Amino acid sequence: MIIRLSLIILLGLFFAMPSTVLAEDEQSKKQVEEDAASTESAQEQSADSKKEETPEKEEASAENPFESIRGGLSRLESIGLYTSTSEGGLGRDYWADSRRSALLALYNALPNESDWPTVNSLIRGTLLTEANASKITNDVSPQPGQDLLTLRLIKLLQSGAYDEAYAMYTRMGQPPYDAELARAGLLAMMLRGEKSLACVENNTLLESFPNSDFILDFAAYCDATLAEDVPPEALQRLKKSKSRILNTLALNKSFSMDYSRQAFEDLSLIERAALVADQRLKIGSLPVAEIQRLPAAHIMALLAQKNLPADHMLALQIAATGRDLLSLNELKKIYTRSLTTEEFDDAKNGKYTPAPHQEIGFFYRKAKDLAAGPEQWAVLRQSYALGQKYGPAALLPFAELYYGSLPDQPTLNDFVYVYATLIRANLMIPAHWVDALKQMEESAQKSSYPALMTLAAIAQPGKFSTEDVRNNLYKVIWTLPEREASLAQILLDAVKPGGPTYEKKIEIYEKIYLTPSLNYVMPNYAVWDRLKIASRNRMVSEVVLLSIGLLKQDKPSGIYPGVLVDVIRTLEDVGLTDAARNLAMEAMLRTIEY
């Protein structure tokens, strides 16, 4: 009860979101000072804390709830899938000097996903990085079921990363020490469609956790749906269970549920898992255009179902790629396999009309077969419309083709789609695309030109380094409406080496953004200041988790630019320069309509 109350208090501190922006919160400032003092004190004691967490000490203590873990709690919490930055990892020392109390609060408050692609990458990084957990400062004692492996597994399941959650669970190489950790592993198996494996695993867990309602309910579900002779006690157990879906699946072998976003959202994880594993979730009349806007966990649950309509299947695969839940290489293979060799040859010769789900694959294969030049770009431009149908992620397989060539006479529309796709694919906008934009005739420039120039300057600052070129850039930027122009200049300054900090640009924020007509939602000042403290102390995990929390709003347009700039600067300060640059470009990209 005490731990639960402590978490509630911590969550309130880190993520309270008052609506006023002009009134200074003295109590919050006081809290920041106390927080900073406690951090310094905790750091001084960190060596002793870490000694207490060594595997030998854990194994030796008869009262230690983690004594059954081979290698100790630190080894368990260190488990991850990303071991290098190229994979999306955040470093072996990711948790160094971060406080356990802060990590518990921040992981419990972590959003499942974000509208920012870069924030989604940071969420996956903080959940999947293999990091040395012995470097955590234990200002509170670890508690069973609240370890950092269990918390990350549950968050992975909530965000649709079912394969990753299963892979993390299996890396333990030993039985789970706690019922909550066992629950996470069973759910991962079910959501991957591994029902038989999950039921076998659950049988081995009954003896270890005889008082767990989840384990007992799951055993009854397995008996009722897999056994030829259903034990009456299993049905009785399910009738008393809180899970209506488990009971229905056991009693009605023909039951299925037509998907709707709200109905699926209202289900518990075990109910979702049972529907997925039993193939009882039907896509129904869901419009293809709606799929790209669904939560990631819904997308992956639907994608696990067999016999989906081809157009829906493709839309789900594209949406999963956009959330980093399906690899880009896999989507390229899907595009390549969408037509047989005979169909592809006939389509090129006008003898076969590709079905709707084959169109984008046809354009992709055709463009790949052509040399760079006007004919290839005629095909590449046809792909833009399918990006509108399936969402921006549909164009990701084309990114390398966009990157490597240039139309003879690029239009502003080309720049918009190519820049947007390269940014989402984490590819730098190359110099030849920047030079081409700078050379556009004035008559061809429209409202998106200044924003594109800002993106070009963030991507290739060397092309805008001289004073004359920089001044001309600012003249172009200030042809935008005042709000967008101010944002562009602030973002350019934020990513410029040695650029001005928030304090030096405060007058711009107050002049442009703090007006009665603009209702920005501000974070608690303690949270904002805590981000700066974490950055100064090189607490990478707290910087990342606080940054995610500060940018977690559904509508990025509602985020106060001062907060965005400080997130960018603090990410730079702890070495995450690519994430900082990408955030700046994403913020500017959102001002372009296409």
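Definitions and cut-offs
Residues numbered from 1 in each chain as written. Predicted model: local features only at pLDDT ≥ 70, side-chain atom pairs only at ≥ 80, totals over all residues. Heavy atoms only, no water. Helix = DSSP H or I, 4+ residues; strand = E, 2+ residues; numbered from the N terminus. Buried < 20%, exposed > 50% of the residue type's maximum accessible area, 1.4 Å probe, protein only. Contact = heavy atoms within 4.5 Å. Areas by Shrake-Rupley, 256 points an atom, 1.4 Å probe, with all protein chains shown as cover. Axes fitted to C-alpha atoms, helices over the stretch in contact; angles between N-to-C directions. Parallel < 35°, antiparallel > 145°, perpendicular 65-115°, else oblique. Left-handed = near helix turned anticlockwise from the far one by under 90°. Nonpolar A, V, L, I, M, F, W, Y, C, P; charged D, E, K, R; others polar. Disulfide = S-S within 2.5 Å. Core = buried A, V, L, I, M, F, W, Y, C linked by side-chain atoms within 4.5 Å. pLDDT = per-residue confidence, 0-100. Salt bridge = Lys/Arg side-chain N within 4 Å of Asp/Glu carboxyl O. Phe/Tyr/Trp six-rings, centres within 6.5 Å; stacked < 30°, edge-to-face > 60°. Lys NZ or Arg CZ within 6 Å of the ring centre and 35° of its normal. Polar contact = N/O pair within 3.5 Å; in protein donor to acceptor, adjacent residues only side chain to side chain.

### Side note on the overall build of the protein
Right, so step 1: Looking only at helices and strands, the protein has 34 helices and 2 strands in total.
Right, so step 2: A burial count over the protein gives 54% of its 594 residues as buried.
Right, so step 3: In the protein, the share of contacts with a sequence separation of at least 24, taken over all contacts with a separation of at least 6, comes to 70%.
Right, so step 4: Counting every atom, the protein has about 26,500 Å² of accessible surface; 49% of that belongs to carbon and sulfur.

### Section: the packing of helix α32 (residues 540–550) against helix α33 (residues 561–573)
Right, so step 1: In contact at an axis separation of 10 Å, α32 and α33 are set at 160° when each is read in the N-to-C sense. Relative to α33, α32 is oriented roughly antiparallel. Helix-helix and strand crossings are classified by hand; for α32 and α33 the assignment is left-handed. Here V543, S547 and L550 of α32 lie close against α33, whose contacting residues are V563, V567, T570 and L571.
Right, so step 2: For the contact of α32 with α33, a count of residues per class yields 5 nonpolar, 2 polar and no charged.

### Some thoughts on the state of the cysteines
Right, so step 1: As enumerated under the stated definition, the model contains 1 disulfide in all.
Right, so step 2: Sulfur-sulfur distance for the disulfide between C199 and C222 comes to 2.1 Å. On the sign convention where negative means left-handed, the S-S torsion of about -85° between C199 and C222 marks this disulfide as left-handed. Of this pair, C199 sits in helix α11 (residues 195–205) while C222 is found in helix α12 (residues 213–226), placing the two residues 23 residues apart along the sequence.

### Some remarks on the nonpolar core
Right, so step 1: Counting 191 residues, the largest nonpolar core has Y107, F398, Y419, I429 and L455 as the members making the most contacts within it.
Right, so step 2: Setting aside chain neighbours within four positions, we find I429 in contact with Y419, L422, I423, V434, L455, A459, Q460 and M585.

### Some words on the environment of A579
Right, so step 1: Its place among the elements puts A579 in helix α34 (residues 577–589).
Right, so step 2: Here the alpha-carbon distance between A579 and T118, two residues 461 residues apart in the chain, equals 6.3 Å.
Right, so step 3: The residues touching A579, leaving out its near neighbours within four places in the chain, are T118, L122 and L571.

### Things to note about unusual backbone geometry
Right, so step 1: A positive phi is found at Q279, a non-glycine position, where the angle reads about 55°.
Right, so step 2: Topologically, Q279 is positioned in the loop between α16 (269–277) and β2 (281–282).
Right, so step 3: For R538, which is not glycine, the phi dihedral falls at a positive 60°.
Right, so step 4: Tracing the backbone shows R538 in the loop between α31 (525–536) and α32.
Right, so step 5: The class for R538 is partly exposed, based on a relative accessible area of 46%.

### Notes on the environment of L127
Right, so step 1: Position of L127 among the secondary structure elements: in helix α7 (residues 117–128).
Right, so step 2: Every residue in contact with L127, bar those within four places of it in the chain, is listed here: Y107, L110, R152, K155, L156 and M168.

### Some remarks on the confidence of the model for the protein
Right, so step 1: Looking at the protein as a whole, its pLDDT mean stands at 82, while 82% of the residues score no less than 70.
Right, so step 2: In this model, residues 1–62 is a region of pLDDT below 50 whose contacts with residues beyond four sequence positions or in other chains number 97 contacts.
Right, so step 3: Confidence over residues 498–519 falls short of pLDDT 50; this stretch has 40 contacts with residues more than four positions distant or in other chains.

### A word on the pattern of salt bridges
Pairs can form between side chains of opposite charge once their charged atoms are near each other.
Right, so step 1: Taken as a whole and assessed by the stated rule, the structure comprises 23 salt bridges.
Right, so step 2: Notably, a salt bridge pairs R92 with E130, separated by 3.7 Å at the nearest N-O pair. Placement of the pair is R92 in the loop between α5 (72–78) and α6 (100–108) and E130 in the loop between α7 and α8 (148–158), with a sequence separation of 38 residues.
Right, so step 3: In this structure, the salt-bridge partner of R381 is D414, at a minimum N-O distance of 2.5 Å. Of this pair, R381 sits in helix α23 (residues 374–390) while D414 sits in helix α25 (residues 412–424), placing them 33 residues apart in sequence.
Right, so step 4: The partly exposed category is assigned to R381, whose relative accessible area is 33%.

### Looking at the packing of aromatic side chains
Right, so step 1: In the structure shown here, the tally under the stated rule is 17 aromatic pairs.
Right, so step 2: Centroid distance Y364 to F398: 5.6 Å. Interplanar angle 85°. Geometry classified as edge-to-face. With a gap of 34 residues between them, Y364 in helix α22 (residues 359–369) and F398 in the loop between α23 and α24 (399–404) connect regions that are remote in the sequence. This pair shows no difference in class: Y364 is buried, exactly as F398 is.
Right, so step 3: Positioned above the aromatic ring of F214, the side-chain terminus of R183 is 5.7 Å from the ring centre.

### Focus on the side chain of S114
Right, so step 1: With respect to the helices, strands and loops of the structure, S114 is situated in the loop between α6 and α7.
Right, so step 2: Among the polar contacts listed, one links the side chain of S114 to the backbone nitrogen of W116, at a separation of 2.9 Å.
Right, so step 3: Not counting residues within four places of it along the chain, the set of residues in contact with S114 comprises V119, N120, I123 and L551.

### Some thoughts on the packing of α8 against helix α10 (residues 179–191)
Right, so step 1: Put simply, α8 and α10 touch, their axes get as near as 9 Å, and they point 30° apart. By the angle between their directions, the pair α8 and α10 is classed as roughly parallel. The way α8 lies across α10 gives a crossing that is left-handed. Between α8 and α10, the residues in contact are L149, T150, L153, I154 and L157 and E180, L181, R183, A184, L187, A188 and L191, respectively.

### Some words on the environment of L205
Right, so step 1: Topologically, L205 is positioned in helix α11.
Right, so step 2: Owing to a relative accessible area of 3%, L205 belongs among the buried residues under this scheme.
Right, so step 3: For the pair formed by L205 and P176, sequence separation is 29 residues and the distance between their alpha carbons is 8.6 Å.
Right, so step 4: Apart from the residues lying within four places of it in its own chain, the contact partners of L205 are P176, A182, L186 and I215.

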